[in-house]
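Examining the three-dimensional arrangement
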Amino acid sequence: MLIIHPKDRTTAFLSALYDGADNAVVITENISRADLNHRLHHTPKSERILLLGHGSDKGLFWREDDSRPNFDGI
């Protein structure tokens, strides 16, 4: 299972959805669009992908520093 869950204190509770999952790849830090594209396209169609967090039509929001209230990017 591929899990993309950007670091955010307001959505940290969502980790309960995948804690203890076997063979899960969890991405919590900002990654490049190219790396994300590669991971999504190389995940087998039979494998689940979870996208967790605050999102928009442009993607998931992320923070460099979770102690600040604002998001750094999408």
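These notes cover the structure that comes with them. (Residues numbered from 1 in each chain as written. Predicted model: local features only at pLDDT ≥ 70, side-chain atom pairs only at ≥ 80, totals over all residues. Heavy atoms only, no water.)

1. Quick notes on the overall build of the chain
When you go through the chain residue by residue, the secondary structure sums to one helix and five strands. Each helix and strand of the chain, ordered N terminal to C terminal, gives the series β-β-α-β-β-β. Whereas a compact globule of 74 residues would reach a radius of gyration of roughly 11 Å, the chain reaches 12 Å, a difference of no more than 12%. Split into buried and exposed, the 74 residues of the chain put 23% on the buried side. (Helix = DSSP H or I, 4+ residues; strand = E, 2+ residues; numbered from the N terminus. Rg over C-alpha atoms; globule rule 2.2 N^0.38 Å. Buried < 20%, exposed > 50% of the residue type's maximum accessible area, 1.4 Å probe, protein only.)

2. So, the sheet that holds strand β1 (residues 2-4)
Strands pair in a sheet through their backbones, by hydrogen bonds, and they do so in one of two ways: parallel or antiparallel. Sheet architecture is open: three strands sit in the order β2-β1-β3, paired in parallel fashion. Strands with a single pairing partner mark the edges of an open sheet, and in this sheet they are β2 (25-27) and β3 (49-51). Averaged over neighbouring strand pairs, the angle between their axes works out to 10 degrees when direction is ignored. Here β1 pairs with β2 via three bridges, running parallel. Bridge pairing links Ile3 to Val26 in β2. Set on the sheet, helix α1 (residues 33-41) makes contact with β1, β2 and β3; between it and β1 the angle comes to about 150 degrees. (Pairing = 2+ DSSP bridges. Axes fitted to C-alpha atoms, helices over the stretch in contact; angles between N-to-C directions. Contact = heavy atoms within 4.5 Å.)

3. Description of the pattern of salt bridges
Applying the stated criterion across every chain, the model contains one salt bridge. Put simply, Arg39 and Asp35 hold a salt bridge, and the shortest N to O gap is 3.4 Å. Of this pair, Arg39 and Asp35 both sit in helix α1, four residues apart, which is roughly one turn of that helix. Judged by relative accessible area, which is 30%, Arg39 ranks as partly exposed. A relative accessible area of 26% places Asp35 in the partly exposed class. (Salt bridge = Lys/Arg side-chain N within 4 Å of Asp/Glu carboxyl O.)

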